[in-house]
There are 2 protein chains.
Amino acid sequence: MQDIQKVDEESKFKIDQSGDVSSPLGFISGGLHTGLRKSKHDFGWIYSTTEAQAAGVYTLNRFKAAPLKLTQDSIAVNNTLQAIVVNSAIANACTGEQGIKDAQDMQSWVAQKLNIVNNNVGVASTGVIGDFLPMDKIQYGAEHVLEEQYNYGENFNKAILTTDLFPKHVAVEVDIDGQKVTIGGTAKGSGMIHPNMATMLGFITTDANIASSKLQQVLKSAVDSSFNMITVDGDCSTNDMVLFMANGQVNHNELDEKHPNWQAFVAAVKYVCNTLAKSIAKDGEGATKLVTSKVTGAENIEEARKIAKSIVSSNLVKTAIHGEDANFGRIVAAIGYASELVDPNETFVTLCGLPVVDKGVFLSFDEEEMKKRLSEDNIAISAQVGKGEGQAVAYGCDLSYDYVRINASYRT
Amino acid sequence: MQDIQKVDEESKFKIDQSGDVSSPLGFISGGLHTGLRKSKHDFGWIYSTTEAQAAGVYTLNRFKAAPLKLTQDSIAVNNTLQAIVVNSAIANACTGEQGIKDAQDMQSWVAQKLNIVNNNVGVASTGVIGDFLPMDKIQYGAEHVLEEQYNYGENFNKAILTTDLFPKHVAVEVDIDGQKVTIGGTAKGSGMIHPNMATMLGFITTDANIASSKLQQVLKSAVDSSFNMITVDGDCSTNDMVLFMANGQVNHNELDEKHPNWQAFVAAVKYVCNTLAKSIAKDGEGATKLVTSKVTGAENIEEARKIAKSIVSSNLVKTAIHGEDANFGRIVAAIGYASELVDPNETFVTLCGLPVVDKGVFLSFDEEEMKKRLSEDNIAISAQVGKGEGQAVAYGCDLSYDYVRINASYRT
């Protein structure tokens, strides 16, 4: 795990584990209970006191849910957002024309409440696919935006959750032109999590001064190496979305590649995305362990990503790790079916730091020591698969009885 | 399910559910306990009294196990086989040079016992990856080939199993030139089962007169629509193989496309492969239900296969079916991430015969009736995904607590 963490440790930014989307200047967030869920918060919002530059990354699923379509179209108008509204419990997916209309109503009610234009409100939903939103509850939520008295940020972080066991958020501070710029993020998992996004929502905010096009570029690259490198169950949802808002309330020179602090900013955004992504993997439905697979020596980065994801996606690897069984043969199998460019004779695998495969041939190892290491919460798998330059890291979790229990009766 | 079965029902051949690889003329099979497994049969063999034309289909996994490489090379010598030897418990994969040598010894001991040339013996292994074969036990097995006194076929059918709960075998009789030709098959599952083969072994035998090249052609096409359309857990193994032997002991005109009974022969082989494949899916590790997904209207057959497999591969669909929960949204999600060519507005889905999605929009359905149908052992999903000509059927199973239990401690 040490290698994998180094990048973060070396970075110069300050990390605030209790921070979230409301940490940057001019951002407020909140959440409340409207009755979509039995008793938990189910309606959240983010508001920037000034209009923000916006960027978004969306699911590749062909059945894109109504709120995603609306948000994508809305951002396209001016490349801006000033607010985001999110509900949990119902995904507003597979809902046709009615679903689009419902998302539009949700958007316009919040816009009205905040006195901003409709297309400056992003809309997100998560939950069961194939049900209409109960619009009376959504309307109740919209009417109460900005009206809570306490726990603003914390309420938002909770309101967007479904089967997640804990809220996922972080903020970092980075120096830009000698000024403190903050990047905050909040996300939710935790089933249907797979490369190319999943039932996951991520919201990133910053008070940095940066144009939408640059924001999009940074977001895309950060998502590729974070949210797109986690998997819980291989299912990719209709509702995945990561939105990024930058309101420019810190007065520094506009950020682009020529800015001396550009790399620091990019690294900070990646750190935020990576931290949220790992939290999602760790909180995968029924998960008891975070699994990190690092692949090196692949033909190129795409192959490396494919292989790293294949390892953490394998049900057989996941159940073996759940049972704390050093079944490295399954790791090898997962490597072997992921890519045709793997060289078995140049393949080396370690599990929890102990070498288990050398040039494609199994090694004997200290079973006692392995058993001890497999009982830890963080399981590291590393695989060299050839002599290429491609490397990647993917995150996943074990597959437990509880995953089955949770998902055997999610809808009912 | 009716549509899906029609092809079989319409066919003219006679089906023998108790038949197996020993059913065709001149084939004998057997199995015994050598100590590879605690008490169960673990060593099996098939023998043809005369040399047979041979064909094989092998895993695409880059980490191909030693016995597969040896068998492929052996068949390449003369396109023939006269015997096949199989052990369970240990896969002889990731075993390098030593593994190749062990597979060669296993082959030559059996060849010696049967007084045939080495390259006429196919070798297969299934079980744990990353362990050497205990060669004393293999040698004991080889010395006892052809020496059992009873239950020959039945013993073979059992000897090749690992976590399978029941043996999988069938035979059919088909009329060729007015003579009775028999095709028999035996297979094993039951974890690591996924498109492009898996820890599955299939053996098909026939007394038909047909050249190796034609046999290969028939086998490839039958495997593509049967063994390659099942999935248990998405993992594709290092040891998958289907072998086909034809000893020509029935005296009819050699089979090729011009033979008037060619189509009947092809249909019979497909029936055998399909029956074995469905048995494997139904006996997936921990499975309680067989899931059949039929896709129509896809752009082409490849897309149809991709989508049909995606549905039965989805952990979320599989757990919902295990819980008898009509979570059709997950079916839609699995369709949507499988193919970019799906048309949401032309997508219609039925679950257990009840329409649940119409033009991409969910439908309400009789929950009582659905609950009743979901409690059955066979679950049918059908999806029209556009207006194309592509269609395919895939088979899978539910994902249960028992899958996790079985796989959390397979190695130890």
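In short, a report on the structure. Note that the structure is a prediction, hence the values are computed from the model and not measured.

## Observations concerning the overall build of chain A
The helix and strand inventory of chain A stands at twelve helices and 15 strands. Taken against the 2.2 N^0.38 rule, which gives 22 Å for 412 residues, the C-alpha radius of gyration of chain A at 21 Å falls within 12% of a compact globule. Here the C-alpha coordinates of chain A stretch approximately 65 × 55 × 35 Å along the principal axes. The buried share among the 412 residues of chain A stands at 62%. Counting only carbon and sulfur atoms, one obtains 46% of the accessible surface of chain A, whose full area is about 14,800 Å².

## Observations concerning the sheet that holds strand S11 (residues 348-351) of chain B
All names here are of chain B. In space, the six strands of this open sheet follow the order S13-S12-S11-S14-S10-S15, with mixed pairing throughout. The strands lining the two open edges of the sheet, one partner per strand, are strand S13 (361-362) and strand S15 (390-397). For S11 and strand S14 (residues 378-384), the ladder comprises four bridges, and the chain directions are antiparallel. Bridging across to S14, Val349 finds its partner in Ala383.

## Considering the pattern of salt bridges
All names here are of chain A. Under the definition given, this model contains 26 salt bridges over all chains. Across the pair Asp224 and Lys220 runs a salt bridge whose closest N-O atoms are separated by 2.8 Å. With Asp224 and Lys220 both in helix H6 (residues 212-224) and four residues apart, this pair spans about one turn of that helix. Residue classification places Lys220 among the partly exposed positions, given a relative accessible area of 40%. Notably, a salt bridge pairs Glu303 with Lys306, separated by 3.1 Å at the nearest N-O pair. In this pair, Glu303 and Lys306 are both assigned in helix H8 (residues 301-313), three residues apart and thus about one turn of the helix distant. Taking the relative accessible area as the measure of exposure, Lys306 reaches 39% and is therefore partly exposed. Bridged by salt links that share partners, the residues Lys14, Glu173 and Lys180 form one connected network.

## With respect to the relation of the copies chain B and chain A
Here the second copy of the chain follows from the first by a rotation about an axis and a shift along it. With an RMSD of 0.0 Å, the fit of chain B onto chain A corresponds to turning through 180° and sliding 0.0 Å along the axis. The transformation relating the two chain copies, once decomposed into turn and shift, fits a two-fold axis. In terms of C-alpha distance to the rotation axis, chain B has Tyr401 of chain B as its closest residue, with the C-alpha 2.6 Å off the axis. In this assembly, 100% of the residues forming the interface of chain B have copies in chain A that are likewise at the interface, indicating an isologous arrangement.

## Digging into the packing of aromatic side chains
One pass over the full model with this rule turns up eight aromatic pairs over all chains. Relative to Phe203 of chain B, the ring of Phe156 of chain B lies with its centre 5.8 Å away and its plane at 70°, an arrangement referred to as edge-to-face. One end of the pair, Phe156 of chain B, is in helix H5 (residues 152-159); the other, Phe203 of chain B, is in strand S8 (residues 201-206), with 47 residues separating them in the sequence. The same class applies to Phe156 of chain B as to Phe203 of chain B, namely buried. Over the ring of Phe166 of chain A we find Lys168 of chain A; its NZ or CZ atom is 4.5 Å from the centre of that ring.

## Overview of the interface of chain B and chain A
A common measure of how large an interface is: the accessible area buried when the components associate. Taken residue by residue, the interface counts 59 residues in chain B and 59 residues in chain A. Summed over both sides, the interface of chain B with chain A buries roughly 5,000 Å², with 62% coming from carbon and sulfur. Where chain B packs against chain A, one counts zero salt bridges. Our count for the contact surface shared by chain B and chain A stands at eleven residue pairs in polar contact (both at pLDDT 80 or more). When residues in the side of chain B that touches chain A are grouped by element, the largest group, eight residues, is from helix H10 (residues 328-338) of chain B. The residue makeup of the side of chain B that touches chain A, split by class, is 26 nonpolar, 21 polar and twelve charged.

## So, helix H4 (residues 135-143) of chain A
For an α-helix, the turn length of 3.6 residues means that residues three or four places apart are oriented alike. Residue and element names in this part refer to chain A. Among the residues making up H4, those that are buried are Met135, Ile138, Gly141 and Ala142. The buried residues of H4 occupy an angular sector of 115° when the element is viewed end-on, so they sit on one face. Packed against the buried residues of H4 are strand S2 (27-32), strand S3 (43-58), strand S4 (80-87) and helix H3 (96-114).

## Here's the deal with H5 of chain B
Residues of H5 of chain B that are buried: Gly153, Asn155, Phe156, Asn157 and Ala159 of chain B. Those residues of H5 of chain B that are buried lie in contact with strand S2 (27-32), strand S3 (43-58), strand S4 (80-87), strand S6 (168-176), strand S7 (179-188) and S8 of chain B.

## Describing the environment of Tyr140 of chain B
Residues and elements named next belong to chain B. Turning to its location among the elements, Tyr140 is positioned in helix H4 (residues 135-143). Along the sequence, Tyr140 and Gly35 sit 105 residues apart, while their C-alpha atoms lie 9.4 Å from each other. Dropping the residues within four chain positions of it, Tyr140 is found in contact with Leu32, His33 and Thr34.

## Side note on unusual backbone geometry
Residues and elements named next belong to chain A. One non-glycine residue, Leu146, lies in positive phi territory at about 70°. Relative to the elements of secondary structure, Leu146 occurs in the loop between H4 and helix H5 (152-159). Unusually for a residue other than glycine, Cys352 sits at a positive phi of about 55°. With respect to the secondary-structure elements, Cys352 resides in the loop between strand S11 (348-351) and strand S12 (354-358).

## Observations regarding the environment of Phe166 of chain A
All names here are of chain A. Mapped onto the fold, Phe166 is located in the loop between H5 and strand S6 (168-176). In this structure Phe166 comes out as partly exposed when scored by relative accessible area, which is 32%. Apart from residues no more than four positions distant in its own chain, Phe166 is found in contact with Leu161, Ser279 and Asp283.

## Description of the pairing of strand S10 (residues 290-298) of chain B
Residues and elements named next belong to chain B. For S10, the buried fraction is high: eight of the nine residues fall into the buried class. Bridge count between S10 and S14: seven bridges; the pairing is parallel. In the sheet register, Thr292 faces S14, and the bridge partner there is Ala380. By the bridge criterion, seven bridges tie S10 to S15 in an arrangement that is antiparallel. In the strand pairing of S15, Ser293 is matched with Ala394.

## As for the sheet that holds strand S13 (residues 361-362) of chain A
Adjacent strands of a sheet form backbone hydrogen bonds with each other and so pair up, either parallel or antiparallel. Residue and element names in this part refer to chain A. Strand order across the open sheet formed by six strands is S13-S12-S11-S14-S10-S15, with mixed pairing between neighbours. Each end of this open sheet is capped by a strand with a single partner; those strands are S13 and strand S15 (390-397). Helix-sheet contacts for H8 involve strand S10 (290-298), strand S14 (378-384) and S15, and the interaxial angle to S15 is about 20°.

Conventions adopted
- Residues numbered from 1 in each chain as written.
- Chains lettered and ligands numbered in written order.
- Predicted model: local features only at pLDDT ≥ 70, side-chain atom pairs only at ≥ 80, totals over all residues.
- Heavy atoms only, no water.
- Helix = DSSP H or I, 4+ residues; strand = E, 2+ residues; numbered from the N terminus.
- Rg over C-alpha atoms; globule rule 2.2 N^0.38 Å.
- Buried < 20%, exposed > 50% of the residue type's maximum accessible area, 1.4 Å probe, protein only.
- Areas by Shrake-Rupley, 256 points an atom, 1.4 Å probe, with all protein chains shown as cover.
- Pairing = 2+ DSSP bridges.
- Salt bridge = Lys/Arg side-chain N within 4 Å of Asp/Glu carboxyl O.
- Least-squares fit on C-alpha atoms with pLDDT ≥ 70 in both.
- Contact = heavy atoms within 4.5 Å.
- Phe/Tyr/Trp six-rings, centres within 6.5 Å; stacked < 30°, edge-to-face > 60°.
- Lys NZ or Arg CZ within 6 Å of the ring centre and 35° of its normal.
- Buried area = accessible area lost by both parts, 1.4 Å probe.
- Polar contact = N/O pair within 3.5 Å; in protein donor to acceptor, adjacent residues only side chain to side chain.
- Nonpolar A, V, L, I, M, F, W, Y, C, P; charged D, E, K, R; others polar.
- Arc of directions from axis to C-beta.
- Axes fitted to C-alpha atoms, helices over the stretch in contact; angles between N-to-C directions.

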